[in-house]
Structures are given as structure tokens and as C-alpha cells.
Amino acid sequence: MLDKAVQAAIRPLLVRAARGLCQLGVSADALTWTGFVLGLGAAAAIATGGFLTGLCLLLLSRLMDGLDGAVARATQPTDRGGFLDITLDFVFYASIPLAFAVVNPAANALAAAVLLASFIGTGSSFLAFAIVAEKRRLHSLAFPDKSFYFLGGLTEATETLIAFVAMCLWPQWFAPIAYGFAALCAVTTALRIGWGYTSFR
């Protein structure tokens, strides 16, 4: 829901940073892998109780996730880069709820499982829509710079990041935050199913 506005607001900063990185010879794929490693580091820190460390690594990870696309657009976007970006993002998103389940199974395991199940709904509806949209040569007007059709929703990357930040700042409230965000993800999944059903007649 917020991704388009956030991306428009930070795009000038990302473009300037991308120019500097390109001059240094830093590739988009290198940034994607760096962001992924930082994301897994965040999950590892959270799983061992280092919530603030995990938060810092998580934010750095998402910064790399924004920069890789900017560098790709400043050089030459590739299908390999688009595939790598979305695949590693989904693994990262799954690692954070899992980390909270590991650090406190008794309090967090069920909520983490519910949240991960909701991620399957949002992820599968997102990717299934993109596959059919590509088959029909449809293009996203909201996110024209993406490697494939980006279908929006109530819970996008920005909302997910906000939820993760809240979990790290208030880990004792992980379960209610996770249940609440899972409910929003369920709404997103239902909306996407409806959009797909009506769009692909």
C-alpha cells in the first residue's frame, strides 16, 4: 500500500547513491547478495536475543535491497538479477518470524507459524499473478521499473518492514504484532485472488 509513495520519495537519494556505486564498480547482484547476507545476519541476531543488533542489520539489508535495483537501472537490468532479488527477498522475509520462534518458542512459535502461513498466501498470489501477467504481456503502471509485474496490496515491502521493526523494538509483543500483520496479509491475499480472478477471464 505504501511502496509506491515511499519509492517515489527515496528514489532521488537511491539514484545518487547508485551513481557512486557504479563508479566504484559495484554490481547490482553484489548488492543483492550483500543485502541477503545482512538479512540472515539479522535473523541470527534475533534468534540469539540481539534484537537491536538484528534491527540494525535488518535496516541495512533493506537499504541494499533498494540500492540493487537502482544500480541495475543505472547499468543494465537482467532477468537473472530480477530472479535473484525476489527469491532472496522471500527467503529473508521468512527468516525473521522464524528467528522470533527460535528465541522464544513457547511465546512465539504459533504466532510465527501463522505469520509464515500468511506469507505463503501473499507470496503465492503475487508470483502467480506475475506469471499470468507476463503470459498476457501485461505491464504494471504502478511499478514500471520492476523486472516483472508487481501486484500491490495492503501489505507490501514497506508495511512488512514496519512490522519487523516493531517486533525488534518490542519483542515481548511479537505475538500480537504477528497475528495482526497476518490478518492484514490475509486481506491482501484475498484481494489479489479477487483481482486475478476478474482480470484473467
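What counts, and at which threshold
Residues numbered from 1 in each chain as written. Predicted model: local features only at pLDDT ≥ 70, side-chain atom pairs only at ≥ 80, totals over all residues. Heavy atoms only, no water. Core = buried A, V, L, I, M, F, W, Y, C linked by side-chain atoms within 4.5 Å. Buried < 20%, exposed > 50% of the residue type's maximum accessible area, 1.4 Å probe, protein only. Helix = DSSP H or I, 4+ residues; strand = E, 2+ residues; numbered from the N terminus. Contact = heavy atoms within 4.5 Å. 1 Å grid on protein atoms, 1.4 Å probe; cavity = no way out; pocket = protein on both sides within 12 Å on 5 of 7 lines; lining within 4 Å. Points joined across faces, edges and corners; volume = space filled by probe spheres on them. Nonpolar A, V, L, I, M, F, W, Y, C, P; charged D, E, K, R; others polar. Axes fitted to C-alpha atoms, helices over the stretch in contact; angles between N-to-C directions. Parallel < 35°, antiparallel > 145°, perpendicular 65-115°, else oblique. Left-handed = near helix turned anticlockwise from the far one by under 90°. pLDDT = per-residue confidence, 0-100. Phe/Tyr/Trp six-rings, centres within 6.5 Å; stacked < 30°, edge-to-face > 60°.

All right, on to the nonpolar core then. Formed by 26 residues in total, the largest nonpolar core has its most connected members in Ile-96, Phe-100, Phe-164 and Met-167. The set of elements that each furnish at least two residues to this core consists of α2 (28-47), α3 (51-74), α4 (79-103), α5 (105-135), α6 (157-169) and α7 (174-199). Each residue touching Phe-164, except ones within four places of it in the same chain, is listed here: Leu-58, Phe-92, Tyr-93, Ile-96, Pro-97 and Phe-119. Leu-14, Ala-28, Val-71 and Ala-72 belong to the second largest nonpolar core, which has 10 residues in total.

For the structure shown, the criterion picks out one cavity of 30 Å³ or more. In this structure, the largest cavity spans a volume of roughly 50 Å³. Taken together, Leu-31, Thr-32, Gly-35, Phe-36, Ser-61, Arg-62, Met-64, Asp-65, Asp-68, Asp-85, Leu-88 and Asp-89 make up the lining of the largest cavity. Of all the elements in the fold, those that place two or more residues in the lining of the largest cavity are α2, α3 and α4. Classifying every residue of the lining of the largest cavity gives four nonpolar, three polar and five charged.

Attention now moves to the packing of α5 against α7. Remark: α5 packs on α7, axes separated minimally by 8 Å, with the N-to-C direction vectors making an angle of 20 degrees. As far as their axial angle goes, α7 and α5 are roughly parallel. In this structure, α5 meets α7 at a crossing whose hand is left-handed. Looking at the contact of α5 with α7 residue by residue, the class counts come to 17 nonpolar, nine polar and one charged.

To continue, consider the confidence of the model for the chain. For the chain, per-residue confidence averages 89 on the pLDDT scale, and residues scoring 70 or more make up 92% of the total. Model confidence for the chain, summarised as mean pLDDT per element, is weakest for helix α1 (residues 3-23) at 82 and strongest for α2 at 96.

According to the stated counting rule, one finds 10 aromatic pairs in the structure shown. With a centroid separation of 5.4 Å and 50 degrees between ring planes, the pair formed by Phe-92 and Tyr-93 is classed as tilted. When sorted by exposure, Phe-92 lands in the same class as Tyr-93, which is buried. Pairing Phe-119 with Phe-164 gives two aromatic rings, centres 6.4 Å apart and planes at 65 degrees, and the pair type is edge-to-face. Of this pair, Phe-119 sits in helix α5 while Phe-164 sits in helix α6, and the two are 45 residues apart along the sequence. In this structure Phe-119 comes out as buried when scored by relative accessible area, which is 13%.

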